[in-house]
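Summary of the model geometry
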Amino acid sequence: MKRLHLYVFILASSGIAFATVGDAQQPLQAPLPPQPVITLTATASSQLANDRMHAFLRVDVDNPDPVAAGSEVNTRMAKALARAKAVRGVEAATTAYSSYQVSERNQPLRWRVSQTLSLESSDFTALAALVSKIQSEDGLVLGGMTFSVSPSARRTAEDALTQQAIKAWQTRAQAAAQGFGSSAWRTGYVTIQTGDYARPVPMLRAAGVQAAAAAPVATEGGTTDITITVSGEAILEPARAAR
């Protein structure tokens with residue numbers, strides 16, 4: 001004898017629930033209401049004084065003989081490098097060596113050899129004096145100068161700002177939960193991002209520095225803005241019904 005199965009369709013507030021009545025009836029359970037999720041962002045910022053100075057000096061030599069051009073560059077760079085290493089607190093390194101042939105109309109072929117000297121220090125006065133000395137006595141040209149925050153100062157600032165941003169995010173999450181009538185909330189997916197913006201510092205153009213090599217170098221370091229951003233989900237718990 002075939003058994004008869006009865007299918008009952010129940011319309012629920014959040015969808016349609018299907019129940020099967022057979023040999024053993026299963027109790028119907030209403031689906032749990034979805035938990036609201038809100039996305040919040042909070043930031044904390046600080047303006048730090050730049051405590052590192054970076055200078056880049058370049059030597060360029062043109063000569064029909066590539067060997068002679070290279071030899072002159074090596075001699076002048078070695079002299080400048082030795083001078084830089086003799087100054088306490090200055091980090092010096094050579095970078096960006098290049099050698100190529102220059103061809104211009106109505107001009108004889110020649111070779112141009114170039115090399116860059118990178119200098120870095122937290123002593124702005126000492127580095128500025130060194131740059132002026134290398135320009136006037138070793139014949140290098142100041143190609144650029146930048147300022148930055150040292151890694152240790154940046155790390156300290158970022159750690160403090162991270163705690164501030166997290167607390168600000170938690171405060172916003174608590175306020176949002178109360179606004180939505182929720183009794184509580186819990187943290188979902190959260191990201192923490194770091195950003196910085198270096199304020200521009202006026203600098204001399206390379207051509208101007210070359211024309212007046214003996215002029216002192218300006219050393220106004222400026223500041224860098226450090227920002228920590230916390231973005232994430234606050235999962236709201238449903239409001240408890242009054243008994």
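A short tour of the structure in this document, coming up.

Cut-offs applied
- Just so you know, the residues in each chain are numbered from 1, in the order the chain's sequence is written.
- It should be noted that, the model being predicted, local features are given only for residues of pLDDT at least 70 and side-chain atom pairs only at 80 or more, the latter also being counted only at that level, while totals for whole chains, interfaces and linings use all residues.
- Only hydrogens and water are removed before side-chain values are computed, so all heavy atoms of the structure are retained for them.
- We define a salt bridge as a contact between a side-chain nitrogen of Lys or Arg and a carboxyl oxygen of Asp or Glu at a distance within 4 Å.
- Counting from the N terminus, the helices are the DSSP runs of H or I reaching at least four residues and the strands are the DSSP runs of E reaching at least two.
- Here's how the labels work: a residue is buried when its accessible area is under 20% of the maximum for its type, exposed when over 50%, partly exposed in between, all with a 1.4 Å probe on protein chains only.
- In this analysis, the expected span of each helix is defined as 1.5 Å times one less than the number of residues it contains.
- Here, the arc refers to the directions that run from the helix axis to the C-beta atoms.
- Should any heavy atoms of two residues lie within 4.5 Å, those residues are counted as being in contact.
- Following DSSP output, two strands are said to pair if at least two bridges run between them.
- Axes here refer to lines fitted to C-alpha atoms; in helices the fit is confined to the stretch in contact. Angles between the N-to-C directions go from 0 to 180 degrees.
- Working definition: rings of Phe, Tyr and Trp (its six-membered ring) pair if their centres are within 6.5 Å, and the pair is stacked with planes under 30 degrees apart, edge-to-face with planes over 60 apart, and tilted otherwise.

All told, the structure shown has twelve salt bridges when counted by the stated rule. In this structure, Arg186 engages Glu237 in a salt bridge whose closest nitrogen and oxygen atoms are separated by 3.2 Å. Here Arg186, found in strand β8 (residues 184-198), pairs with Glu237, found in strand β9 (residues 223-237); they are 51 residues apart in sequence, far enough to count as distant. Classification of Arg186 by relative accessible area gives partly exposed; the value is 39%. Residue class for Glu237 comes out partly exposed when judged on its relative accessible area of 25%. Salt bridges sharing partners connect three or more residues here, namely Lys79, Arg83, Lys133, Glu137 and Asp138.

Attention shifts here to helix α1 (residues 66-85). Over its 20 residues, α1 runs 28 Å from end to end, which matches the ideal 28 Å to within 8%, given 1.5 Å per residue. Residues of α1 that are buried: Ala69, Gly70, Val73, Met77, Ala80, Leu81 and Ala84. Considered in projection along α1, the buried side chains sweep an arc of 105° and stay on one side of the axis. Every exposed residue of α1 that faces more than 90 degrees away from the buried side is listed here: Val67 and Thr75.

Looking now at the environment of Thr194. Residue placement: Thr194 occurs in strand β8. Distance from Thr194 to Ser45, taken between C-alpha atoms, is 9.9 Å for residues 149 residues apart in sequence. For Thr194, the residues in contact, after removing those within four places along its chain, are Glu158, Thr227 and Ile228.

Before going further, it helps to examine the sheet that holds strand β7 (residues 141-148). Across the sheet, four strands lie side by side as β5-β6-β4-β7; this open sheet has antiparallel pairing. The sheet is open, and its two borders are formed by β5 (90-102) and β7, each paired with just one other strand. Averaged over all neighbouring strand pairs, the angle between strand axes comes to 15°, with direction disregarded. Taken together, the eleven bridges between β5 and strand β6 (residues 110-121) define a ladder with antiparallel strand orientation. Pairing of Ala92 across the sheet is with Leu119, part of β6. Helix-sheet contacts for α1 involve β4 (52-63), β5 and β6, and the interaxial angle to β6 is about 10°.

Mapped onto the fold, Pro108 is located in the loop between β5 and β6. When its relative accessible area of 58% is taken as the criterion, Pro108 is described as exposed. Along the primary structure Pro108 and Pro64 are separated by 44 residues, whereas in three dimensions their C-alpha atoms are 7.9 Å apart.

As a further point, take the packing of aromatic side chains. For any pair of aromatic rings, geometry is given as the distance between the ring centres together with the angle between the planes. Under the criterion given, the structure shown has two aromatic pairs. With centroids separated by 5.9 Å and ring planes inclined at 75°, the aromatic side chains of Trp169 and Trp185 adopt a geometry described as edge-to-face. Separated by 16 residues along the polypeptide, Trp169 in helix α3 (residues 151-179) and Trp185 in strand β8 bring together distant segments of the chain. The class for Trp169 is buried, based on a relative accessible area of 3%.

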